[in-house]
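Survey of secondary and tertiary structure
Spelled out from the first residue to the last, the chains are:
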Amino acid sequence: MATESSSLSDLNQDKYDGDEHIKIICLGDSAVGKSKLMERFLMDGYRPQQLSTYALTLYKYTTTVNDKTVLVDFWDTAGQERFQSMHPSYYHKAHACIMVFDVQRKITYKNLTNWYTELRESRPEIPCVVVANKIDADLKITQKSFNFAKKQGLPFYFVSAADGTNVVKLFRDTIKLAVSYKQNTNDFMDEVMRELENFDLEVKEDIAAKDDDKSKNEKTQSP
Ligand SMILES: Nc1nc2c(ncn2[C@@H]2O[C@H](COP(=O)(O)OP(=O)(O)O)[C@@H](O)[C@H]2O)c(=O)[nH]1
Ligand SMILES: [Mg+2]
């Protein structure tokens with residue numbers, strides 16, 4: 001009973017107009033690890049609220065950004081991504097998006113293009129970060145380049161929901177991006193991009209040339 005009444009108020013999205021309340025959505029194919037990432041970030045004993053009627057799970061989180069309390073609702077799909085598309089209410093009023101693929105399944109990387117297109121149809125301006133998950137399964141994968149994020153000018157993270165690598169950084173950065181988007185400043189986005197670019201240079205210098213060729217090829221192939 002209690003669950004039902006709280007579900008209804010949880011689905012009222014007017015609250016996201018308030019200063020301190022932000023909505024962050026997660027996109028990507030089935031089984032890339034979206035739910036596992038959220039659970040890893042929120043850790044022990046956390047009980048996500050399953051709104052099964054709406055094929056949706058809400059993870060609530062309270063934190064502090066620039067000395068202000070921020071209530072974060074992480075929205076996670078509960079299976080709708082199987083249909084390669086989300087209901088418009090999923091995107092509605094979102095302040096940031098975490099887009100995930102599985103480094104072990106190439107198709108999930110290719111499908112980012114579709115997810116990104118759908119996201120931009122609803123939310124042309126919100127910050128979006130790209131996440132390569134499951135690096136624990138093959139650490140060498142972090143030497144490989146995934147150009148999608150670079151081409152779109154989006155922050156990119158190698159993570160593992162299984163062992164926790166980079167998970168806190170990913171979520172902390174995304175929350176700050178969402179808050180900064182809501183306050184209409186791009187400062188934090190610039191800072192994140194600079195930080196990640198430097199990081200890229202350190203670990204990937206040797207394959208930069210190869211990388212360039214590849215991105216040229218990809219460009220010529222696209223219509
Ligand atoms: N090795 C490994 N497996 C993972 C990782 N993250 C998720 N998985 C597994 O991938 C499967 C799908 O995860 P899930 O979070 O349900 O994916 P979702 O459908 O995107 O929400 C589960 O069996 C997870 O245990 C990871 O970082 N490393
Ligand atoms: Mg899931």
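Values in this document were obtained by computation on a predicted structure and should not be read as measured data.

1. Observations concerning the overall build of the protein
In terms of regular secondary structure, the protein is built from 9 helices and 7 strands. Sequence-distant contacts in the protein: of pairs separated by 6 or more residues, those separated by 24 or more amount to 70%.

2. Side note on helix H2 (residues 34-42)
For H2, the complete set of buried residues consists of Lys34, Leu37, Met38, Arg40 and Phe41. The buried residues of H2 all sit within an arc of 160° when viewed along its axis, so they share a single face. Along its buried surface, H2 packs onto strand E1 (21-27), strand E3 (56-65), strand E4 (68-77), strand E5 (96-102), strand E6 (128-133) and helix H7 (167-182). After H2 finishes, the residue Met43 shows a positive phi value of roughly 60°.

3. So, helix H5 (residues 112-122)
All of the buried residues along H5 are Leu112, Trp115 and Leu119. Summarising the axial view, the buried residues of H5 lie within an arc of 65°, below the 170-degree limit, and thus occupy one face. In this structure, H5 carries Thr117 and Glu121 as exposed residues pointing more than 90 degrees from its buried face. In the core, the buried residues of H5 are packed alongside E1, helix H3 (88-91), E5, helix H4 (106-110), E6 and helix H6 (147-152).

4. Some details on the confidence of the model for the protein
Per-chain confidence: the protein averages 84 in pLDDT, with 79% of residues scoring 70 or above. For the stretch residues 1-6, pLDDT sits under 50, and the model shows 0 contacts to residues farther than four places along the chain or on other chains. For the stretch residues 219-223, pLDDT sits under 50, and the model shows 0 contacts to residues farther than four places along the chain or on other chains.

5. Description of the pairing of E4
Each regular strand carries side chains that alternate between the two faces of the sheet. Sheet analysis places E1 next to E4, joined by 5 bridges and oriented parallel. Bridging from a neighbouring strand, Ile24 pairs with Phe74 of E4. Hairpin geometry of E3 and E4 is characterised by an intervening segment of 2 residues between the two adjacent antiparallel strands and by a positive phi of about 50° at Asn66.

6. Section: the nonpolar core
Where a protein is soluble and globular, its nonpolar side chains tend to be buried together. Grouped together as the largest cluster of nonpolar side chains are 52 residues, with contacts concentrated most on Cys97, Met99, Val131 and Val159. Residues contacting Met99, with those up to four places away along its chain left out, are Leu27, Gly28, Leu112, Trp115, Tyr116, Cys128, Val129, Val130 and Val131.

7. As for the site of ligand 1
In the vicinity of ligand 1, 15 residues are found, and the nearest of them are Gly33, Lys34, Ser35, Lys36 and Ala162. At 3 residues, the largest contribution of residues to the shell around ligand 1 is made by H2. Per-class residue counts for the shell around ligand 1 are 5 nonpolar, 6 polar and 4 charged.

8. Focus: unusual backbone geometry
Positive phi, close to 65°, is recorded for Gln84, a residue that is not glycine. Turning to its location among the elements, Gln84 is positioned in the loop between E4 and H3. The phi dihedral of Lys134 falls on the positive side, at around 75°, and the residue is not glycine. Locating Lys134 in the fold gives a position in the loop between E6 and H6.

Basis of the calculations
Residues numbered from 1 in each chain as written. Chains lettered and ligands numbered in written order. Predicted model: local features only at pLDDT ≥ 70, side-chain atom pairs only at ≥ 80, totals over all residues. Helix = DSSP H or I, 4+ residues; strand = E, 2+ residues; numbered from the N terminus. Contact = placed C-beta atoms within 7 Å. Buried ≥ 20, exposed ≤ 12 C-beta atoms within 10 Å, placed from the backbone. Arc of directions from axis to C-beta. pLDDT = per-residue confidence, 0-100. Pairing = 2+ DSSP bridges. Core = buried A, V, L, I, M, F, W, Y, C linked by C-beta atoms within 7 Å. Near = placed C-beta within 6 Å. Nonpolar A, V, L, I, M, F, W, Y, C, P; charged D, E, K, R; others polar.

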